[in-house]
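Chain residues, written in single-letter form:
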Amino acid sequence: MPQRLVGSGGIAGMTQLHQAAPLVERQHAIIELLRVRAPRRVAGADLATATGVSLRTVERDITRLREAGVPITIRRGPRGGYGIDARPVLPPISLTPGEASALIASLVAVGPYTSAVAQSALGKILEALTED
């Protein structure tokens, strides 16, 4: 049974949202570290040091991100590491109001003021919802 991110910690298979926040923040940090260093690759050990976790935790995070569709590439061996497509601007996308609400709820849950990027994203989504 997949683990749910919200609900009572007393119910099997459910985790409190505050327990998921460090995971989300760490995965965001990994994506940002890869983006800033692109097109260069980043060694797993460097990601582990930067995020304060073990190499194995970074590997699990990378696996989760890739399974979710994040375009992270892996090169093994000397000069290997992790990379990501780091275009400065993404093409326009269309979201339904429900999709936008889901993103807003996620940003608010982890705290939109934890990073300038999250705050900027939240502002853009809210602006799009309130335009006439």
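Residues numbered from 1 in each chain as written. Predicted model: local features only at pLDDT ≥ 70, side-chain atom pairs only at ≥ 80, totals over all residues. Heavy atoms only, no water.

A short note on the overall build of the protein chain
When its secondary structure is counted, the protein chain shows five helices and two strands. When the elements of the protein chain are put in sequence order from the N terminus, they spell out α-α-α-β-β-α-α. The proportion of buried residues among the 132 residues of the protein chain is 26%. Long-range pairs, those at least 24 residues apart, make up 41% of the contacts in the protein chain between residues at least 6 apart in sequence. Total accessible area computed for the protein chain in this model is approximately 9,100 Å², and 58% of it derives from carbon and sulfur atoms. (Helix = DSSP H or I, 4+ residues; strand = E, 2+ residues; numbered from the N terminus. Buried < 20%, exposed > 50% of the residue type's maximum accessible area, 1.4 Å probe, protein only. Contact = heavy atoms within 4.5 Å. Areas by Shrake-Rupley, 256 points an atom, 1.4 Å probe, with all protein chains shown as cover.)

Some remarks on the environment of Ile104
In this fold, Ile104 is placed in helix α4 (residues 97–110). Note: C-alpha distance between Ile104 and Leu126 (22 residues apart in sequence) is 7.9 Å. The residues touching Ile104, leaving out its near neighbours within four places in the chain, are Leu122, Ile125, Leu126 and Leu129.

Here's the deal with the confidence of the model for the protein chain
Here the protein chain averages 83 in pLDDT, and 83% of its residues register 70 or above. Predicted confidence is poor over residues 1–9, with pLDDT under 50, and the contacts of this stretch with residues over four places away or in other chains come to 20 contacts. Residue range residues 11–15 is modelled with pLDDT below 50. Its contacts to residues more than four positions away, or to other chains, number 13 contacts. (pLDDT = per-residue confidence, 0-100.)

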